[in-house]
Amino acid sequence: MNDILLLGKLTLIITTRCNLKCALCCEYVPQNKPFPDMTLDEEQKILEAVFNVVDRVHTLHLSGGGEPFLHKDLPALIDAAFEYESRFERFMLFTNSTIPVSDDLLAALGRHKDKTLVHASDYGIHPERTAEIYKILNANGINTRVLKYYGEAQDFDGWVDFGDYKSRGRTKAELNTVFSNCAVTRDMHGNWRTRDGTLHWCSRSQRGLELGLLPMFNDDFVDLLDKNTTCEHKREQIRRIMGNQHLQACDWCSGDQGTGDHSKRYPAAVQL
Ligand code: SF4
Ligand code: SF4
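It should be emphasised that the depicted structure is a prediction, and the values quoted were computed from it without experimental measurement.

Trainee: For this particular structure, what's the right way to read the overall build of the protein chain?
Mentor: Helices and strands together make up the secondary structure of the protein chain, namely eight helices and eight strands. In terms of C-alpha radius of gyration, the protein chain reaches 18 Å, essentially the compact-globule figure of 19 Å for 272 residues. Projected onto the principal axes, the alpha-carbon positions of the protein chain cover approximately 50 × 45 × 30 Å. A burial count over the protein chain gives 37% of its 272 residues as buried.

Okay, structure coming up:
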């Protein structure tokens, strides 16, 4: 009998559109044309593929590469995710706290509020709108965690700069250091995510690959929708990535600790 295959966190990137233009956006949203939003049908296919391969997910996100509150079908996407409620412990949504909460979204969050956490970044950009969003979420009992990203004392002391997508020519030992010191590895044990059915360890490698900014590092991801490989093989591929000492993509990344600019923090959400 195989061991349980658990992903700590899995993000479905339902949109790569955003209304903000943050200079250090780690998703490189302002610098790139968005992909079409994930449809309900696509989400259902991806979730089916995920849970055919993975036993459990601790935290399921519908967020990722853009602002999820912009997705017109977000309430239906949330309901569809909860078809798999028995397979995850917690459901999360990120938001940049600038898009008003629609009645339909509020209703969907309310239907699933026992497991739901809204992770709200407060950039101080539209303070009145942001205050109204938090008021509505709180009034409806939606569990909301606000991270302050403006002025003094920003959460995590601000953002990091992962740098350009270019090879640093690191040695294997240096790659292992970058990878093991990166918060994705050290703190999260993988920030798993997918937009198109390919499953990636971190946002940096996933976005770099889909935008053509990285060479096609086939060993850094698993294609969950590949009909030519078995579920067991996909499980092995995921376990192999979990056991990696680094990704190929780590040579094209500054990392966020101990390398490049030595984890210097920058003010968050400076608009281009
Ligand atoms: S809010 Fe800023 S960091 Fe977040 S996706 Fe939009 S542009 Fe990127
Ligand atoms: S590419 Fe490597 S160093 Fe960069 S964020 Fe991903 S895991 Fe971390």
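Next, the rest of the story.
Trainee: Help me out: how do you make sense of the environment of Ser-205 in this one?
Mentor: Structurally, Ser-205 can be placed in helix H7 (residues 203-210). For Ser-205, a count of 23 C-beta atoms within 10 Å puts it in the buried group. Taking C-alpha positions, Ser-205 is 8.8 Å from Trp-252, a pair spaced 47 residues apart along the chain.

Trainee: How should I be thinking about helix H1 (residues 40-53) in this particular structure?
Mentor: The α-helix advances 3.6 residues per turn, and as a result positions three or four apart in sequence lie on the same side. Compared with an ideal rise of 1.5 Å per residue, which puts 14 residues at 20 Å, H1 spans 20 Å between its outermost C-alpha atoms and is within 8% of the ideal. Turning to H1, its buried residues number three or more, namely Ile-46, Leu-47, Val-50 and Val-53. Looking straight down H1, one finds that the buried residues subtend no more than 135° of arc, so they occupy a single side. Facing away from the buried side of H1 by more than 90 degrees, the exposed set consists of Asp-41 and Asn-52. Buried residues along H1 sit against strand E1 (6-13), helix H2 (74-81), strand E6 (192-194) and helix H8 (231-242).

Trainee: Looking at this structure, how should I read the site of ligand 2?
Mentor: The environment of ligand 2 is formed by 13 residues, the closest being Cys-182, Cys-202, Arg-204, Cys-250 and Cys-253. Put simply, the parts of the chain that give the shell around ligand 2 at least two residues each are helix H5 (172-181), helix H6 (183-186) and H7. Partitioning the shell around ligand 2 into residue classes produces nine nonpolar, three polar and one charged.

Trainee: Honestly, the site of ligand 1 in this entry has me stumped. Any pointers?
Mentor: Near ligand 1 the following residues occur: Cys-18, Leu-20, Lys-21, Cys-22, Cys-25, Glu-27, Val-29, Pro-30, Gly-66, Glu-67, Asn-96 and Ala-269. Class assignment of the residues belonging to the shell around ligand 1 gives a composition of seven nonpolar, two polar and three charged.

Trainee: How should I be thinking about unusual backbone geometry in this particular structure?
Mentor: Peptide bonds are, in most cases, trans, and in most cases residues other than glycine have a negative phi. Phi angles above zero are rare outside glycine, and Tyr-28 is one such case at about 55°. Along the polypeptide, Tyr-28 turns up in the loop between E1 and H1. A tally of 18 C-beta atoms within 10 Å means that Tyr-28 is categorised as partly exposed. The backbone phi angle of His-189 is positive, close to 55°, even though this residue is not glycine. With 15 C-beta atoms counted inside 10 Å, the residue His-189 sits in the partly exposed group.

Conventions used here
Residues numbered from 1 in each chain as written. Chains lettered and ligands numbered in written order. Predicted model: local features only at pLDDT ≥ 70, side-chain atom pairs only at ≥ 80, totals over all residues. Helix = DSSP H or I, 4+ residues; strand = E, 2+ residues; numbered from the N terminus. Rg over C-alpha atoms; globule rule 2.2 N^0.38 Å. Buried ≥ 20, exposed ≤ 12 C-beta atoms within 10 Å, placed from the backbone. Expected span 1.5 Å × (residues − 1). Arc of directions from axis to C-beta. Contact = placed C-beta atoms within 7 Å. Near = placed C-beta within 6 Å. Nonpolar A, V, L, I, M, F, W, Y, C, P; charged D, E, K, R; others polar.

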